[in-house]
Amino acid sequence: MIRLSIVSLFAEVDSSYTDLVFANAGWMIWVALAGALLAILTLLSYWRSSMPWTLKSLGILLRCLGIGILLVCLLEPLGTLERPKPQANVFAILVDTSNSIEVVSQDRLPPQSDKIKALLSDESQWQRKLSDDFRVRRYTFDSALEPVDTFEGVEYRGKESALYGSLASIAERFRGRPLAGVLLVTDGQATDRLDRVDNLVLQPAVDASTSGPQTRSLGRLGFPVYPVSVGKLTHSRDIRIASITTRQSDFETAPVTIQASITHTGFANQLVKVDLMDAGLKTVQSQSVVLKKDSEPVSVEFRFRPEKSGVQGYQIVVEKVPVAPSPTADSAKPDPDPLAATASGIGIGPTAQSKELTLGNNRRFQVVDRGRGPYQILYVAGRPNWEHKFLKRALEEDDEIQLSSLIRIAKKEAKFSFRDSRVDSANPLFSGFEDVTPEEKEKYDEPVFARLGGTKADQLKKGFPKDAEELFEYSAIILDDLEHDFFSLEQQSLLRQFIAVRGGGLLVLGGQESMRGKGFRNSVLSQILPVYGDEGLSEALATSSGNIAGGDDTPSVRYQMTREGWLQPFLRLAENEIAEKERLQRMPPFEVLNRTKGIKPGASVLAEASVSPDETVPVLVTQRFGKGRTAAFMIGDMWRWGLHHDGPGSSPIGQSWRQMVRWLIADVPKPIQMKLKDDAASSSKTAHILVDVKGTDFKAVDNAQVTVSIVSPSGKSSTAQAEGSSAVAGQYESTFVAEEEGVYTATSEVKALDGSAMGSSQLGWVYDPSAQEFQEIGDNTKVLESIASETGGSVVGWNDLDAFVSDLPSKKVPVSETRVFPLWHQSWVLLFAIACICFEWGLRRRYGLA
């Protein structure tokens, strides 16, 4: 038996290939010999004929073909066909029931849902034909996949289009079952992420010896997907918010910037109003812009300062501004709004004010987290000075910051073992003060401090903290004019941990004792800072006040920002570059400056000072250190700025200090922090809340009690107990499913095992499915083509479903069957052979050869 594969030529069989089998293959040699002999006789019979060569060739071909077919029939040829086994394979139909399918075109054409309802009717011919060969399973999806028996009566009201998650769910449902393919009816506007397929669909084991990469995303589904193209809407007109970005800075007057990109279709030259509203629907700011060409975005930027701290919700709303036709010359009046006058002048009429396709994309929600204090700041100074006065005044205006000050007012004396025991052991500063108890007096070998601004009675009672629990309460530390010997080795090591492990901020100010000497170079403090300190004083500039000191003949320096410094919002006090340059010109010259030997690799110089026309020295240098940040500010008499202010209003030194401190604590972690888990396997309406809990020593706490309270956009509250994570120490998890669109706020309250309060944290997020659902109107052809190509399917036209179903049996399916039929019993075979012989006989008769 001989088997040959040939292309199917038989109308009654739908298949992509056919196998030809000869039952009497033993006769093959005799049939070949007979065919060769008959071919030779045919050539001889035509050899001496007077027929033209073209007709001779045709006659030889027809006779050989006819006789050859009859000889092949002696071998009893059998045809075998592969085709899907009836009712053995499953074919799924997925229908998107989200809101975007229901949109109505502007000129009142029938909605897409009407077309889909007619397409999916139980009486449709293509569904009946599909059911003849396959077991059809029907599903709908919006936020989740739902099986249905019929598509009759389905409503398109879903808020989401979990497209990729639904395909992944189909793959899981039919794992190990013969799924021939999926017919996907959707517009391609997915509100979930493509990597949901990677998270939900398990990847089969791959041989490590294979060199090719693993199949990812849609290729992992294991079945072809055939998206049905609904089609682009004609005459659609729509205004939409394409994107929103939020930036937060330490710029005091406008620390939050929200930028919205407005685009449109069919509303060129239309005047629109864009409103920024808070959670109470109170308008914070409003702007009017004129739209440009179709799909050309217009940017709108809002800069503002939130009225309160913590998590706050906002929304951007865009709407058309009705503008009357241009008035006549007799009745023309000045337009109070220049933008409205511009729009009127470029011809906005009734057509431009036509009804929009949908208002679902005219609003976007945004959440802003300004953080909640109080933030504890520790200020340590080597002597009483003016700097503390201006710093304290500045931070008193910020309700979120609490300043605790430790100011040394007397240094310690050297300790001698032969000191006379009859001499008072207290520091000489207390001589003559009879009302001070011995317990309150520091020893002669201990410095004397003034403690200001503490929130606890015993805060800083023993000077600079000596254990992590006390020091880690602070978010940032400011050291002013302190020698490195002020700290013990243990305290310097603790300071290093405060920055590298706790993630705190450190700012060292210039002064007579700061960042100087050979001892500083070898200290832990030198390792932390971003500069190499000067080992000694410059002979030309050294005075009692520092490297550069005050006096009529003392050189002075001018503060100026570097190119990198201009990019830092916390260094700018004015709203534009021109005003900022004028402010810098008004700043007084400074007379106390610490020189540095060099800048460490990776450090950034944000400000510098000119000591001569040809020389500049760094003034403000910063770097990341571990989890925290360190900065060195070389000027030691910043207070002069506050004394020399002669402009309107209060001195800008207060704003400068507040912005610098805000920058110093901007990225400092808190003991209790909340965040959302990035879970691609979940729907966008599901929020996985994570709470990281650390103790006062910033070590993970596993036995805490964590309660999460969530407030919905409508004000409805719900409370849940977070469960400890099995994967991460000190982490607690809680899950919440959103139902309303808008900004959600979650607050975690953490208690220790004994019931004592450990603290709280706050988190905000946005559930806004309409923003993605109506990002585009009509088919997203790129998504549909990508799904088809990656899964091995094809995009099916709206009117091509009947042809698609007819062609399905010719495609490869999981379960197929083989059909065998005798070719020599086919009537057309015998008729074709007889026709060839008869036609050849007619040619011979025509030329007298018969």
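Residues numbered from 1 in each chain as written. Predicted model: local features only at pLDDT ≥ 70, side-chain atom pairs only at ≥ 80, totals over all residues. Heavy atoms only, no water.

Next up on the list: the environment of L801. By the element assignment, L801 lies in helix α18 (residues 801–807). A relative accessible area of 3% places L801 in the buried class. It is 6.4 Å that separates the C-alpha atoms of L801 and W126, two residues lying 675 residues apart in sequence. What L801 contacts, discounting residues up to four positions off in sequence, is L119, W126, L183, V228 and V796. (Helix = DSSP H or I, 4+ residues; strand = E, 2+ residues; numbered from the N terminus. Buried < 20%, exposed > 50% of the residue type's maximum accessible area, 1.4 Å probe, protein only. Contact = heavy atoms within 4.5 Å.)

Right, let's talk about the sheet that holds strand β20 (residues 505–509) for a bit. Here we have nine strands laid out as an open sheet, ordered β18-β17-β16-β19-β20-β26-β25-β24-β22, and mixed in their pairing. Every interior strand has two partners, whereas the edge strands, β18 (448–452) and β22 (558–561), have only one. Put simply, the sheet's adjacent strands are angled 20° from each other on average, direction ignored. As paired strands, strand β16 (residues 375–381) and strand β19 (residues 476–480) are joined by five bridges and run parallel to one another. Considered in β19, the bridge of Y379 is made with I478. (Pairing = 2+ DSSP bridges. Axes fitted to C-alpha atoms, helices over the stretch in contact; angles between N-to-C directions.)

Before going further, it helps to spend a moment on the pattern of salt bridges. In the structure shown here, the tally under the stated rule is 27 salt bridges. For the salt bridge of K320 with E356, the shortest nitrogen-to-oxygen distance reads 4.0 Å. Here K320 is found in strand β14 (residues 311–320), whereas its partner E356 is found in the loop between α7 (338–345) and β15 (363–369), with 36 residues between them in sequence. We note a salt bridge from D692 to K675, for which the minimum N-O separation is 3.8 Å. Of this pair, D692 sits in strand β28 (residues 686–693) while K675 sits in strand β27 (residues 672–676), and the two are 17 residues apart along the sequence. Judged by relative accessible area, which is 39%, K675 ranks as partly exposed. A single network of salt bridges, built from pairs that share partners, joins R247, E301 and R303. (Salt bridge = Lys/Arg side-chain N within 4 Å of Asp/Glu carboxyl O.)

What follows concerns helix α5 (residues 163–173). Of all 11 residues in α5, eight are buried; the element is thus mostly enclosed. All of the buried residues in α5 are L163, Y164, G165, S166, L167, A168, I170 and A171.

This paragraph deals with the state of the cysteines. Here the structure, examined in full by the defined rule, presents zero disulfides. Note on C838: no disulfide assigned, nearest cysteine sulfur contributed by C836 at a separation of 9.4 Å. (Disulfide = S-S within 2.5 Å.)

Moving on, we come to the pairing of β28. Counting buried positions along β28 gives seven out of eight residues, so the element sits mostly inside the fold. Pairing geometry for β27 and β28, over five bridges, is antiparallel. Looking across to β28, one finds that K675 is bridged to L690.

With a phi angle near 60°, L281 is a residue other than glycine that sits in the positive phi range. Note that L281 resides in the loop between β11 (271–278) and β12 (283–290). Of note in this structure, L460 is not a glycine but carries a positive phi near 60°. One can find L460 in the loop between β18 and α9 (468–471).

Per the stated rule, a full pass over the model turns up 16 aromatic pairs. When the ring of F91 is compared with that of Y226, the centres are 6.3 Å apart and the planes differ by 20°; the resulting orientation is stacked. Of the two residues, F91 sits in strand β4 (residues 89–96) while Y226 sits in strand β8 (residues 225–229), which places them 135 residues apart along the sequence. Comparing F91 with Y226, the two get one shared label, buried. Clustering of aromatic rings is evident, with ring pairs tying together F91, F134, Y226 and F804. One residue, K56, lies across the ring of W53, its end atom 4.5 Å from the ring centre. (Phe/Tyr/Trp six-rings, centres within 6.5 Å; stacked < 30°, edge-to-face > 60°. Lys NZ or Arg CZ within 6 Å of the ring centre and 35° of its normal.)

Taken together, the buried positions of helix α4 (residues 125–133) are occupied by W126, Q127, L130 and D133. Each buried residue of α4 lies within a common arc of 125° when the element is viewed along its axis, so the set occupies one face. Exposed and facing more than 90 degrees away from the buried side of α4 are Q125 and D132. (Arc of directions from axis to C-beta.)

What follows is about the sheet that holds strand β9 (residues 238–248). Spatially, β9-β10-β13 is the arrangement adopted by the three strands of the open sheet, whose pairing is antiparallel. Each edge of the sheet is formed by a strand with only one pairing partner; in this case those strands are β9 and β13 (298–304). With strand direction ignored, the average angle separating the axes of adjacent strands in the sheet is 20°. Both strand β10 (residues 256–265) and β13 contribute to a ladder of seven bridges, which runs antiparallel. Paired with S261 across the two strands is S299, which belongs to β13.

A word on the nonpolar core. Core analysis: the biggest nonpolar cluster contains 79 residues, and F464, L479, L506, Y559 and F633 have the highest contact counts within it. The contact partners of F633, leaving out residues within four places of it in the chain, are L507, V508, L509, G510, M515, Y559, V619, L620, M638 and M660. Counting residues in each nonpolar core, the second largest holds 25 residues, with F91, L130, Y226 and V228 among its members. (Core = buried A, V, L, I, M, F, W, Y, C linked by side-chain atoms within 4.5 Å.)

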